[in-house]
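# Coordinate analysis (summary)
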Amino acid sequence: MTDLREKINQEGLIFDGAMGTMLMEKGLEQGKPPEIFNLENPEAVKSVHESYISAGAEVITTNTFGGTALKLSKTELKGKQEEVNKVAVEIAREAAGGKVFVAGDIGPTGEMLKPFGLLDFEKAVDIFAEQASYLDEAGVDLFIIETIFDINEMLAAIKGVRTVSDKLLLATMTFEKKPTGFFTIMGNSVPDCMEKALDEGADAVGANCSIGSDTMIELARLIRKSVTSPVIIQPNAGVPEVKDGNIFYPESVDFFCDNIVKIKSLGVEIVGGCCGTNPAYTRCIAERIRGRS
Amino acid sequence: MGGSDGKEKELLREVAKSVFIGDKDATLKAVRRAIDSNIRPEEILDKALIPGIRKAGDLYEKGQYFLPELIMCADAMKAAFGILRPLIEQNGEKVRTHGRVLVGTVEGDIHDIGKTLVGVMLSTSGFEVIDLGADVPLHRFVEEAVKNDVNIIGVSALLTTTMVKQKELIELLVKENLRERFKVIVGGAPVTQKWADDIGADGYGQNAVEAVSVAKKLMGVEE
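Residues numbered from 1 in each chain as written. Chains lettered and ligands numbered in written order. Predicted model: local features only at pLDDT ≥ 70, side-chain atom pairs only at ≥ 80, totals over all residues.

## Remarks on the nonpolar core
In terms of nonpolar packing, the biggest core is built from 169 residues, with Phe143 and Met154 of chain A together with Val15 of chain B touching the most fellow members. No other element matches helix H4 (residues 67-90) of chain B, which puts nine residues into this core. The residues contacting phenylalanine 143 of chain A, other than those within four sequence positions of it, are Ala103, Gly104, Ile106, Ala132, Leu135, Val161, Lys167, Leu169 and Leu170 of chain A. (Core = buried A, V, L, I, M, F, W, Y, C linked by C-beta atoms within 7 Å. Buried ≥ 20, exposed ≤ 12 C-beta atoms within 10 Å, placed from the backbone. Helix = DSSP H or I, 4+ residues; strand = E, 2+ residues; numbered from the N terminus. Contact = placed C-beta atoms within 7 Å.)

## Here we look at the packing of helix H2 (residues 24-36) of chain B against H4 of chain B
All names here are of chain B. Closest axis-to-axis distance for the H2/H4 pair is 8 Å, and the angle between their directions is 25 degrees. Regarding the angle of H2 to H4, the classification is roughly parallel. Along this stretch, H2 crosses H4, giving a crossing that reads as right-handed. Along the contact surface, H2 presents Lys24, Thr27, Leu28 and Val31, while H4 presents Asp75, Ala76, Ala79, Ala80, Ile83 and Leu84. Residue composition of the contact of H2 with H4, by class: seven nonpolar, one polar and two charged. (Axes fitted to C-alpha atoms, helices over the stretch in contact; angles between N-to-C directions. Parallel < 35°, antiparallel > 145°, perpendicular 65-115°, else oblique. Left-handed = near helix turned anticlockwise from the far one by under 90°. Nonpolar A, V, L, I, M, F, W, Y, C, P; charged D, E, K, R; others polar.)

## Comments concerning the domain arrangement of chain B
All names here are of chain B. Taken domain by domain, chain B consists of domain 1 (7-90) and domain 2 (100-218). Averaged C-alpha coordinates put domain 1 and domain 2 at centres separated by 26 Å. Counting residues at the interface gives 13 residues for domain 1 and eight residues for domain 2. At the level of secondary structure, the elements contributing two or more residues to the side of domain 1 that touches domain 2 comprise helix H3 (41-61) and H4. Its residues placed into classes, the side of domain 1 that touches domain 2 shows nine nonpolar, one polar and three charged. (Domains from an automatic or database assignment.)

## Section: the sheet that holds strand E1 (residues 100-105) of chain B
Residues and elements named next belong to chain B. Taken together, the five strands give an open sheet; going across it, the order is E2-E1-E3-E4-E5, and neighbouring strands pair in parallel fashion. A strand with exactly one partner marks an edge of an open sheet, and here the two such strands are strand E2 (128-131) and strand E5 (203-204). In the sheet, strand E3 (residues 152-156) pairs with strand E4 (residues 183-187) via five bridges, with the strands oriented parallel. Paired with serine 156 across the strands is glycine 187, a residue of E4. Strand contacts of helix H6 (residues 138-147): E1, E2 and E3, with the helix running at about 165 degrees to E1, the strand carrying the most contacts. (Pairing = 2+ DSSP bridges.)

## Some remarks on the pairing of strand E8 (residues 204-212) of chain A
All names here are of chain A. Of all the nine residues making up E8, nine are buried; the element is thus mostly covered by neighbouring parts of the structure. In this sheet, strand E9 (residues 231-236) lies alongside E8 in parallel orientation, the contact comprising five bridges. By the bridge assignment, valine 205 is partnered in E9 with valine 231. Once you follow E8 into helix H10 (residues 213-226) and on to E9, the crossover reads as right-handed. (Right-handed = clockwise from strand over helix to strand, strands pointing away.)

## A look at helix H9 (residues 190-200) of chain A
All names here are of chain A. By the burial criterion, the buried members of H9 are Val190, Cys193, Met194 and Ala197. End-on, the buried residues of H9 take up no more than an arc of 95 degrees, which puts them together on one face. Here the buried face of H9 lies against helix H8 (151-164), strand E5 (168-173), strand E7 (181-183), E8 and H10. After H9 finishes, the residue glycine 201 shows a positive phi value of roughly 125 degrees. (Arc of directions from axis to C-beta.)

## Regarding the pairing of E1 of chain B
Residue and element names in this part refer to chain B. When you tally the buried positions in E1, you get five out of six residues, the bulk of the element. Taken together, the four bridges between E1 and E2 define a ladder with parallel strand orientation. Bridge pairing links valine 101 to valine 129 in E2. As judged from the five bridges shared by E1 and E3, these two strands associate in the parallel manner. Following the sheet pairing, threonine 105 is matched in E3 by serine 156.

Okay, here's the thing in structure tokens:
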């Protein structure tokens, strides 16, 4: 495998798509933590990874988005963070077979930091460091911190990862479009988030989730202008709608894929999909960007 | 009280401003000063606190205020209200807010933020809000609603597996012969108007701003 940083700079990187919704199709009950499948149905997790790899993903993301001790403590996986994270990496590495990269996924703790919530900054750093240490020990190639809406939580997560590992670290946050521009729900501006995340030790920064691929073009342009580091963008396949009691994401493969190509052409190095995407989206992105068929 | 009009206005302006910038200590001080100057508590509420907090809500909609600012403003409002309420009731009057709303996220669901935002937006719009937090057992919604004599119960569910609890809460209210006593409004990512209609809820808001409009409509408040 080529060097990851070099690859990003030369030709960019294609990430996989959603995991949770794919696992639901494979029998994960809604309301259960997706990480439970690492232990109960590892074959299902592996087959999701494999389907993204065969669609053209160059990086697969471990099934550990909710894998901090704090988030797991509110589920039936309480206390099992070491096993949940390590097994997830083993599953992903097996699927990757050394041909694609494995990114250790880190998501929000689910609690707000002080003064608006109860979580201490330093406590949050420890929580993220613990998860990162399991992912690191089990052999991820890089880290991705995703879907964070409070810059302080992002800084805690980056600091946590950096206390245990120097591996490549991607930091992506979630923004809303307001009449005054793009902000997190905490009111953090885009340039502020990107700069602070880089200063704390992220190697690439960007946005994921929450907004559809069309609105994401505008946000991607703003992020690209804010930083000189590599940028990562992973939109949802639209804003979720409910039909007959089921959640679905309205953007078609072609619509999403066209927008990813536009985002890529802004000079964004790393692209992929968030909620509502599946291997068909990844395949289309890989074909359009890499010219594969 | 000739000549005190200007002073009264100044004191009320100070209360409104302190709430609007979310400074709890300054709000409490300003409210006490206003009370000491013999301004009626009802007037402090109607002419200073509510307009101040409403301005915060407006700025949120415009994208100039965000969740942290709203939480601070709501805290300041709540603290001030704690002083005014006993005084108003002591005068034998009823507190004239738009109404009292109980909010919470259903059991089995730990998503807190959307519900918190709705709670804060309701209080910034002149409602009195009791927030039960997340993962709230259905019987607790009922007990607290009765205990606090609320007008509206706001039930949040962020998962398609937990939204059924909204239906069960309405069924529980029917069973306890309390359905007529409370209005029930529902919200959360998977929730739709159709779902609200199907389960017999009184209202649905797609977001926190809509939730406020729905609550106002249910209480017969003009926008």
